[in-house]
Amino acid sequence: MTALDKSVQEAAVEHEDLEHADNDKTPLGHGRMLRKEDPRFIRGMGRYVDDLQLNGMLHLAILRSPVAHANIVSIDVSAAQAHPKVKAVITGADLAAQGLAWMPTLSNDVQAVLATDRVRFQGQEVAFVVAEDRYSARDALELIDVEYDVLPPVVDVRKALAPDAEVIRTDLEGKKDNHCFDWETGDKDATEAVFAKADVVVKQDIVYPRVHPAPMETCGCVADYERVSGQLTLWTTSQAPHAHRTVYALVSGLPEHKIRVIAPDIGGGFGNKVPIYPGYVCAIVASLVIGKPVKWMEDRTENLVSTGFARDYVMQGEIAATKEGKILAIRTHVLADHGAFNGTAAPIKYPAGFFGVFTGSYDLEAAYCSMTAVYTNKAPGGVAYACSFRITEAVYLVERIVDCLAYELEMDPVELRKKNFIQPDQFPYTTKTGWVYDSGDYERAMDVALEMAGYDDLRREQEEKRAKGELMGIGVAFFTEAVGAGPRKDMDILGLGMADGSELRVHPTGKAVLRVSCMSQGQGHETTFAQIVAEEIGIPVADIQVVNGDTDQTPFGLGTYGSRSTPVSGAAAALVARKVRDKAQIIASGMLEVSVADLEWQKGSFQVKGDPGRSVTIQDIAMRAHGAGDLPEGIEGGLEAQICYNPSNLTYPFGAYICVVDIDPGTAEVKVRRFVAVDDCGTRINPMIIEGQVHGGLTDGIGMALMEMISFDEDGNCIAGSLMDYLIPTALETPHWETGHTVTPSPHHPIGAKGVGESATVGSPPAIVNAVVDALKPYGIRHADMPLTPSRVWDAMQGHPTPPI
Amino acid sequence: MQVTMTVNGESVTREVEGRMLLVHFLRDELGLTGTHWGCDTSNCGTCVTWMDGEPVKSCTVLAAMAGGREVRTVEGLEKDGVLDPVQEGFMRCHGLQCGFCTPGMMLTARALLDRNPHPTEQEIREAISGQICRCTGYTTIVRSILWAAEHPDGPTPAAAEPETAGSAS
Ligand code: FES
Ligand code: FES
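Since the structure is predicted, the reported quantities are computational estimates derived from the model, not experimental observations. (Residues numbered from 1 in each chain as written. Chains lettered and ligands numbered in written order. Predicted model: local features only at pLDDT ≥ 70, side-chain atom pairs only at ≥ 80, totals over all residues. Heavy atoms only, no water.)

J.: Would you mind showing me how to read unusual backbone geometry here?
T.: What is expected of a backbone is that most residues other than glycine have negative phi and most peptide bonds are trans. Residues and elements named next belong to chain A. Of note, the bond from A485 into G486 is cis; its omega dihedral lies within 30 degrees of zero at -20°. Here G486 is to be found in the loop between β21 (471–480) and β22 (492–493). The omega torsion across M786 and P787 is -10°, close enough to zero to call that bond cis. Relative to the elements of secondary structure, P787 occurs in the loop between α18 (759–775) and α19 (790–797). Phi angles above zero are rare outside glycine, and N108 is one such case at about 60°. (Helix = DSSP H or I, 4+ residues; strand = E, 2+ residues; numbered from the N terminus.)

Shown next as structure tokens:
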């Protein structure tokens, strides 16, 4: 059997196997296992922030700006204060008096906690009320009277830098325009030279509209400040509890050891729960002022209009190639809409996140990108929605423009991609923008996908359908991601290095607890991380408890986003287990009275080489480590270790996706008929969980490609502020996902795992859009912008496509 | 006003405001936090419970309207320590990730199977189409419900102990 046949067969088996995804085989480490967290979730016993009830707890509600841009003339809170159930009403002026009206964003900008002088986007926080119950708090908001002097809003990103555009950030001294930052990467001159000699140059404007992660659980917290001890406990929807604690310490002046941040179960994050939102700060302030626990839970509209959005890049793409289809260079200029405050959550030296990987999976001669980021009267954010720090935008750009090139060259998109793939022997491969891809075998992944999809048959079917006037499209996309941020020499957020800690403690009876700094939002860390440790140290998965999400109980680290849990914390978990195993080996040598070198590891026990009869289990060793009697010289009692893992490079998962769509020529409705996703995330720890991560990301892709957009009217009103207007895929728009995989381990990761949480969100939108555009080929269409709703597809079919903003 | 209803087989009486939503009644008054809340517009379905045997979005029902009726929540799915096959199915087929949509999905699934013990994939997709899951992409939810349909009496004896990675040993 060839390697390809084997992969395809495995993919098929993987599929069948899922029906019986139980723990019959109870792998002692990696392999398909049911999740430790599920017994509580299926009984309704998950514990999310809003489930928390504390004695005397009060409820906080936020008054938000109804307009996008206005000076605040006056605020009258007297009627609200008079409400019998209201405990406090706080405005920006009150916070300003304490120096708390502004807070730093994760991008070294500032953001208003409560507006003082001016509101800069619709939904911005203006005042808050604390009351005895949630209904009364909301009632009291109605009693606050704010007078606004409305200013012209900056809504269209293309007009943000026009000379007559109203300046938004008047809070920044000397600011005379809406310019946020400029950024570039690659070699401009070299790229220009390559473009000058190319046979073919294709240009395409490509917009990645503003979207929103919209996790099913909105953001919120309970802040509990105890006056006597000076201890603040914050239960919060945070993907990065440690980073949040440090920021709160820096902002509030409370000593860091008196702040405990606890992220309980989180109902989905997708990047939405990385930033610090004004609501959290308001709840903390309220608890400090009133001395009682205070709960703030935003509603869905608040979530959609004010919390971290994603994307919003207007891109001009250019690709240069020979007439035979050898891609020579890619160039792009991006206009980035950052909203009213630069709240991007990305490593500080990467203001455009990892957009620099826009050269994709291809071996080029040159590349260049310039970017202009601007302020507009929209909510802040920018890095969220499983984007791997803007790799979604980069991959969408390259995969769309490569398809545009295929269109112009009249070449099959698969053939064009294969002709340009970075080859297996070129790894580690340094891209023209300086990224060092760790490992890959792109053609193999593509072949598995083609085989699973039956690509040639699909093309034949398409030809027949076209002859009958039916619209069927086949879209191909190939992506390479850069995840697992990141090496501390290059990457930090607000000065905090992006390393992650891990602590493993083996109890006397051989059961263990692993404490990690990352934080699950549904990914199943309690299972995956136990499996990582089990694989290394031979303790059954069931005997390993994983603790995350509590800053008092876990070592420091930067949390879960950018698919970094497995690449960074997973590495930490494996290495800490090896450290414990090394100590166990020394203790075992004492127990068996042989030298350390005479022992060999048998997953769960040390055995004297050549003498299988003489061995001790890890459980025996644990008891000995804590028990009576001498230990080998220099060895302390106990069996535990802690490490902090600093990744030497990012990891580079990749995948090949094929999408088949049918479009109703009468209504322009797009139906995704099939979707084949072949992912390579290196070593696979729990295939069931990986598949789940991929399915979720593919569904995001349907949302972005076909349905989701945070849009605004010309006055800056957000017209996607509810789930009636912001459409999220249901089971009816979503096909039965078909997944497969190849395995190309990362050479520098301790267990070769690359991370997979965002792969499908990155890879699926271009596959779907490519399929829709392919279906519309008879109409002479080379490109259409997302979201490809029936009306937008219809417009494209009529020859007047509308840009999404 | 005073409201009395049966929740998971037990009669409860509480003094509530007339405008109190059933979802808040269950969560805040009774502490049954397995029923979730996820939107302002009756779109997400994380709040689905049963009222007199029919799935309802409890964010769209006043507690007062549930007076005199029988309400069933996710906490009432397990009977005498035996999981409902739907719960088994979700656990076995990875029908959940963050677990936020899960209670509502399972209650809809139970109602579907009571009405139609052998649904097709399309019927399942239609049944849950008023509910959103942001994590799973639905394929595994469909599988979970099919599993429950195929195992109306729960797991076969051989697999009676659904060992998760968390089971004590
Ligand atoms: S809370 Fe969203 S439908 Fe009830
Ligand atoms: S499991 Fe997270 S929303 Fe469904």
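Next comes the rest of the account.
J.: Just checking my understanding: could you explain the layout of surface pockets for this structure?
T.: One simple way to see leftover space: roll a probe sized like a water molecule over the atoms. By volume, the largest pocket is sized at about 490 Å³. Lining the largest pocket are 21 residues; nearest its centre among them are A:R138, A:D299, B:H24, B:W37 and B:D40. Elements with a contribution of two residues or more to the lining of the largest pocket: β1 (58–64), α5 (134–141) and β14 (294–297) of chain A. A per-element tally of the lining of the largest pocket places α5(A) first, with 4 residues. (1 Å grid on protein atoms, 1.4 Å probe; cavity = no way out; pocket = protein on both sides within 12 Å on 5 of 7 lines; lining within 4 Å. Points joined across faces, edges and corners; volume = space filled by probe spheres on them.)

J.: Just to check I follow, could you spell out empty space enclosed by the protein for this structure?
T.: Residues and elements named next belong to chain A. Per the counting criterion, the structure on display carries 7 cavities of 30 Å³ or more. Of the voids in this model, the largest cavity is the one considered here, and its volume is about 540 Å³. Around the largest cavity sit 39 residues that line it, and Q523, Q693, V756, G757 and E758 are the ones nearest its centre. Put simply, the parts of the chain that give the lining of the largest cavity at least two residues each are α14 (525–537), α15 (565–592) and α17 (687–707). When its residues are assigned to classes, the lining of the largest cavity shows 11 nonpolar, 23 polar and 5 charged. Space inside the second largest cavity adds up to approximately 130 Å³. Its residues placed into classes, the lining of the second largest cavity shows 8 nonpolar, 6 polar and no charged. (Nonpolar A, V, L, I, M, F, W, Y, C, P; charged D, E, K, R; others polar.)

J.: Any chance you could explain the sheet that holds strand β26 (residues 544–547) of chain A here in plain terms?
T.: All names here are of chain A. Spatially, the 4 strands line up as an open sheet ordered β26-β25-β24-β30, and their pairing is mixed. Sheet topology places β26 and β30 (639–645) at the edges, where each strand pairs with a single neighbour. Direction aside, neighbouring strands of the sheet carry axes that sit 15° apart on average. Pairing geometry for strand β25 (residues 512–516) and β26, over 4 bridges, is parallel. Bridged to R515 within β26 is V547. Packing of α14 onto the sheet brings it into contact with β24 (500–506), β25 and β26, and relative to β26 it is tilted by some 130°. Sitting on the sheet, α15 is in contact with β24, β25 and β30, with an inclination near 145° to β30. (Pairing = 2+ DSSP bridges. Axes fitted to C-alpha atoms, helices over the stretch in contact; angles between N-to-C directions. Contact = heavy atoms within 4.5 Å.)

J.: Sorry if this is basic, but what is going on with helix α2 (residues 85–92) of chain B here?
T.: Given 3.6 residues per helical turn, the α-helix brings residues three or four places apart onto the same face. A large share of α2(B) lies buried, amounting to 8 of its 8 residues. Every buried residue of α2(B) is listed here: B:P85, B:V86, B:Q87, B:E88, B:G89, B:F90, B:M91 and B:R92. Where α2(B) is buried, its residues contact α2 (38–41) of chain A together with α3 (102–115) and α5 (139–150) of chain B. One side-chain oxygen of the residue at the start of α2(B) lies 2.8 Å from the amide nitrogen of B:V86, identifying that residue as B:D84. Looking at the residues trailing α2(B), positive phi occurs at B:H94, about 55°. (Buried < 20%, exposed > 50% of the residue type's maximum accessible area, 1.4 Å probe, protein only. Polar contact = N/O pair within 3.5 Å; in protein donor to acceptor, adjacent residues only side chain to side chain.)

J.: Would you mind showing me how to read the confidence of the model for chain A here?
T.: Detailed reading of the predicted model is not advised wherever pLDDT is low. Predicted confidence across chain A gives a mean pLDDT of 95, with 97% of residues reaching 70 or more. Overall, residues 12–22 of chain A carries pLDDT values under 50, and its contacts beyond four positions in sequence, including any with other chains, amount to 30 contacts. (pLDDT = per-residue confidence, 0-100.)

J.: I'm lost on the sheet that holds strand β28 (residues 605–608) of chain A in this one. Help?
T.: Two strands in a sheet stick together by hydrogen bonds in their backbones, pointing the same way (parallel) or opposite ways (antiparallel). All names here are of chain A. Spatial strand order, β27-β28-β29: 3 strands in an open sheet with antiparallel pairing. The open sheet terminates on both sides in strands that have one partner only, identified here as β27 (599–601) and β29 (611–617). For this sheet the average axis-to-axis angle between neighbouring strands, irrespective of direction, equals 35°. Here β27 pairs with β28 via 3 bridges, running antiparallel. Bridged to E600 within β28 is Q607. Here helix α16 (residues 618–626) sits on the sheet and contacts β28 and β29; the angle it forms with β29, its principal contact strand, is near 50°.

J.: Teacher, can you tell me more about the interface of chain B and chain A here?
T.: Accessible area lost on assembly of the parts is the figure often given for the size of an interface. Across the boundary between the two partners, chain B contributes 58 residues, which contact 72 residues of chain A. Run the count over chain B and chain A and you get 7 salt bridges. Its salt-bridge partner being A:R134, residue B:D28 comes within 3.1 Å of it at the nearest N-O pair. The tally of links between chain B and chain A comes to 30 residue pairs in polar contact (both at pLDDT 80 or more). When contributions to the side of chain B that touches chain A are tallied by element, the ones reaching two or more residues are α1 (22–29), α2, α4 (121–127) and α5 of chain B. Tallying contributions element by element places α5(B) first for the side of chain B that touches chain A, with 5 residues. (Salt bridge = Lys/Arg side-chain N within 4 Å of Asp/Glu carboxyl O.)

J.: Help me understand the pattern of salt bridges, please; the structure alone is not making it clear to me.
T.: Proximity of charged atoms lets side chains of opposite charge pair with each other. Taken as a whole and assessed by the stated rule, the structure comprises 63 salt bridges over all chains. The closest approach of N and O atoms between A:E503 and A:R515, which form a salt bridge, is 3.3 Å. With A:E503 in strand β24 and A:R515 in strand β25, this residue pair connects regions lying 12 residues apart in the sequence. One exposure class covers both A:E503 and A:R515, and it is buried. Several salt bridges share partner residues, and in doing so they unite A:D50, A:D51, A:R134, A:K295, B:R27 and B:D28 into one network.

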